[in-house]
Structure formats: structure tokens, C-alpha cells
Amino acid sequence: MPVTIRWDGVQTGTVQKTAFPISPTDTAAASLNALINSCQPATFGLGGQDVYDENYRKAIKLDEESFSTNFDPHSAGMIDVIGQVLLPAVNDRARGVQAELYKLNIYSAPSGMFHAHVDTPRSESQFGSLVVCLPCPHQDGALVVRHKGDEMKFDWAVSSPGQVQWAAFYGDCEHEVLEVTSGHRVTLTYNLYATRGNGLLAGECNILDPKQLPLYTALKQLVELPGYMENGRQLGIGCEHFYAHAQGPMVHQLPESLKGSDMAVYEIFRALGLATVVRPILDMQIDDDDEYYQRDDYSDNKDDDSDDDDNDVADERETVQGKDIVGTNLHSFKADYNEEWDQGGQKGTVDAWGEHIFRKITWINRLMESKKDTAMAYLAYGNQAEMGLNYSRAAIIAFKP
Ligand SMILES: O=C(O)CCC(=O)C(=O)O
Ligand SMILES: [Fe+2]
């Protein structure tokens, strides 16, 4: 498919258009000349100023707001490749790549070039640049990219003339455009930004307006009932989707990777001004007669005097009444049999699992319906060795901050 460029003609005041590839027999194409005539000299940044100096850069350009193109690096597959090669997952968090069109540049013979430089980052999240060379006959003018003594040369004049070619590099790579000795070398440049990858948007998605979701109104009415959220009431919704929330990598990807209705609920709670967390709820019944839970400091209605930092749920043991064993954090847990657990009864088991609290959670759905993950695995030795397993359910819990 041809790549078209449309721009505001300087003289004519009307939209003009040219299409690539420009064939080798048509280098004097009228539309290409019109494009060239509509460009301005390309400056470069020097000491915070835009400078024009043909000894350093000899090129012409159109700014991004002065032209449009049907070329899309996303659908051309470049962005996926860049994401995988230049932005590998960190701590199992896949990151997304956003390419923002920056300039159209033309380096023409004789002597179009750009001396060695590094690009000026446009924001903190910019990690590199993408250069796309449109098919237009030219000679020389290779792009040379250097990093720590390594050098890559992209000579698009000879490698695949007639095709769109490209290179992407990190922002700290020095690069230059060697002299063009014949024809016109036409490039589109893009700034590359790291974004949160698809699937890591809960809590970070500015495009989704939770107030437009049907559940918002219902939950708003509930939360705004006079006094309803006072006295430390917590609202809980068992997650609808399955998350390996007690296993390795997923532990680090919640809440960002909540799916579907779970993400909607999370965003709605936040939009209602509630502190919102994802926690594992241990799938275990507490026996009413378990000694430990008869202790005074676990009695109901105990007004907690710990600080109000509710993100640190650990500090706030309030009541055993609700009988929910809530993990303070998502974590994976595997252990060998530990005699103390056995002797400690339920408390032993729960303590081995990790810090925990008991809260009076008002469940909006039935927690039973949310999917279980293995929260604890341990080897228990009785008269035969067996694997002990306890499960937990991921739940979204919201409370007044
Ligand atoms: O056109 C090219 O190959 C690279 C241009 C460049 O380095 C720039 O615009 O900063
Ligand atoms: Fe550059």
C-alpha cells in the first residue's frame, strides 16, 4: 500500500499530496517537489536553543502538525518489535510502547546530512527514537547508530529500495546521517515512550471514566448512605476472574492487571474516593471456640487506635466477628511442615501464612463465587506424608481512607 503524505501547500493554501514509493524514473515528480518546497530548514537543539547550521545539519523538515500520513508504525508491526526488543518486561511487568510522530525530514543531495548527536528527550518516559525511511531514490546517507563502541549502519539506499525501512534506538545512542550524494532521503521520525502495557491499566487508566459505568450509581448510593462507611466498615467484592494471585509473578501485577468487571469495580471504588486494595482472603473457617480468637484484643467493637494509614492494613486488627482472614499483601507461600503450626491450631496456620487481620467486611457479592488459588502448600507428616493445601480468594476491598 502506498504511503501518502498530505500537507498544507504554502503557496496554494490547499491540501497537497504525494505518495511513496517514488519510482526511480520519477525523481522529479511534481508532487515531491511541491513537498520539498513546503518544508522549512531543519534546526537542531544546541544549549536549549533551536539552531540552524548547515555545517551541522543540512536538511529540511515539516513539523508534525503541518502534515498527515496514512503510515502507521503500529499496524506495520514495528511497535510490537520495538516493545519486545528495546523494552523487555521488567519484573514480569510487560510495558507498552507509544510512538508519537515528530517530524518529516528530507536530506537531499548534494550534502544533506546530520552530524553525530543524541536526540533531545521530550519527556521522562521517552526511551528512544524511531526513524522510518520512505521509499524515494537516493544514494548514500546511511544512518549510523553508536553505543558504547558498537556501531550499526543502516544504508537504506541500497538495502531494499522501494520499501519502507526503519531503525529504532535508545535515547542514549549517538547517531548521525551521512551525506546523501544523490536524490532525496525522506524520513518520518517518531519519539518512543514507555507506557504501562495492555493489561496493567487498573488504577492508571485515564481513558476509562468509571462514573459512566452502570454499577457506579448503585455503589455511590450505598456508600453515601449517612454513616454507612463510618466505624471502619469495609466493602468487599470477591474477584470474578481467576488470578494466580498467590503465585510468583502475578503477585506483582495486581491490581494493575485486574480484568473486566474486576477492573471496573476497582476503578469505581477509587472514583468514589475510597481506599481500594486487592487482598487474598484465606479460604478457611474459624472455629468459634478456637482459644486464640477468644482473646480480649480480638473482641468486636474495639476502637482501633493505630494510625490511619489504611493501606497498611496490617496495623488494624479490629474484630473477629466477620471471620474473614485477610492477608495484608498478595504473596506466594510454600513451606515445609512446621510443628508449631500444628500446635498453634488455626492461629498457627494463619500466622504461618503471614500477617493477617480480621475485619468486618460487608460482602457485596458472595465471596464463595470468586475463584480460589492455592495460598499455602505444606508437607504435613502424620502416619503418612501428605501435602496440605489452603486456598485463598482474591477480593477487592474498599474503605474510607
Ligand atoms: O533521518 C534520520 O535517519 C535520523 C534523523 C535524526 O537523527 C533526527 O531527526 O534526530
Ligand atoms: Fe536524531
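Everything below is about the structure printed above this text.
In this report, the structure presented in the accompanying data block is examined. Predicted, not measured: the structure shown is a model, and the values here were computed from it. (Residues numbered from 1 in each chain as written. Chains lettered and ligands numbered in written order. Predicted model: local features only at pLDDT ≥ 70, side-chain atom pairs only at ≥ 80, totals over all residues. Heavy atoms only, no water.)

The next subject is the environment of Thr25. Tracing the chain through its elements places Thr25 in the loop between strand 2 (15-20) and helix 1 (30-38). The exposed category is assigned to Thr25, whose relative accessible area is 77%. (Helix = DSSP H or I, 4+ residues; strand = E, 2+ residues; numbered from the N terminus. Buried < 20%, exposed > 50% of the residue type's maximum accessible area, 1.4 Å probe, protein only.)

A separate point is the pairing of strand 10 (residues 112-117). The sheet contact formed by strand 6 (residues 57-58) and strand 10 spans 2 bridges and is antiparallel. Bridge assignment links Lys58 to a residue of strand 10, and that residue is Met113. (Pairing = 2+ DSSP bridges.)

The next point concerns the site of ligand 1. In the vicinity of ligand 1 lie 13 residues, with His117, Asp119, His175, Arg185 and Thr187 positioned nearest. Arg57 is positioned with one of its side-chain polar atoms (N or O) 3.5 Å from an oxygen atom of ligand 1. A distance of 3.0 Å is found between an oxygen atom of ligand 1 and a side-chain nitrogen or oxygen belonging to Asp119. Of all the elements in the fold, those that place two or more residues in the shell around ligand 1 are strand 9 (95-108), strand 10 and strand 16 (174-196). A per-element tally of the shell around ligand 1 places strand 16 first, with 5 residues. Class assignment of the residues belonging to the shell around ligand 1 gives a composition of 5 nonpolar, 5 polar and 3 charged. (Near = heavy atom within 4 Å. Polar contact = N/O pair within 3.5 Å; in protein donor to acceptor, adjacent residues only side chain to side chain. Nonpolar A, V, L, I, M, F, W, Y, C, P; charged D, E, K, R; others polar.)

As a further point, take the packing of helix 3 (residues 214-223) against helix 4 (residues 260-271). Packing of helix 3 against helix 4 leaves a shortest axis separation of 10 Å and a crossing angle of 45 degrees. Considering their axes alone, helix 3 and helix 4 lie oblique with respect to each other. Crossing of helix 3 over helix 4 shows right-handed handedness. Where helix 3 approaches helix 4, its residues Leu215, Tyr216 and Leu219 are matched on the opposing element by Val265, Ile268, Phe269 and Ala271. When the residues that make up the contact of helix 3 with helix 4 are grouped by side-chain class, the tally is 7 nonpolar, no polar and no charged. (Axes fitted to C-alpha atoms, helices over the stretch in contact; angles between N-to-C directions. Parallel < 35°, antiparallel > 145°, perpendicular 65-115°, else oblique. Left-handed = near helix turned anticlockwise from the far one by under 90°. Contact = heavy atoms within 4.5 Å.)

Moving on, we get to the packing of aromatic side chains. Tallied over the full model, the rule gives 4 aromatic pairs. Pairing Phe44 with Tyr56 gives two aromatic rings, centres 4.3 Å apart and planes at 35 degrees, and the pair type is tilted. Residue Phe44 is located in strand 4 (residues 44-46), and its partner Tyr56 is located in the loop between strand 5 (49-51) and strand 6; the two are separated by 12 residues in the primary sequence. Owing to a relative accessible area of 27%, Tyr56 belongs among the partly exposed residues under this scheme. Both rings, one in Phe154 and one in Trp156, keep their centres 5.9 Å apart while their planes meet at 40 degrees; by these two values the pair is tilted. Accessibility classification places Phe154 together with Trp156 in one group, the buried group. (Phe/Tyr/Trp six-rings, centres within 6.5 Å; stacked < 30°, edge-to-face > 60°.)

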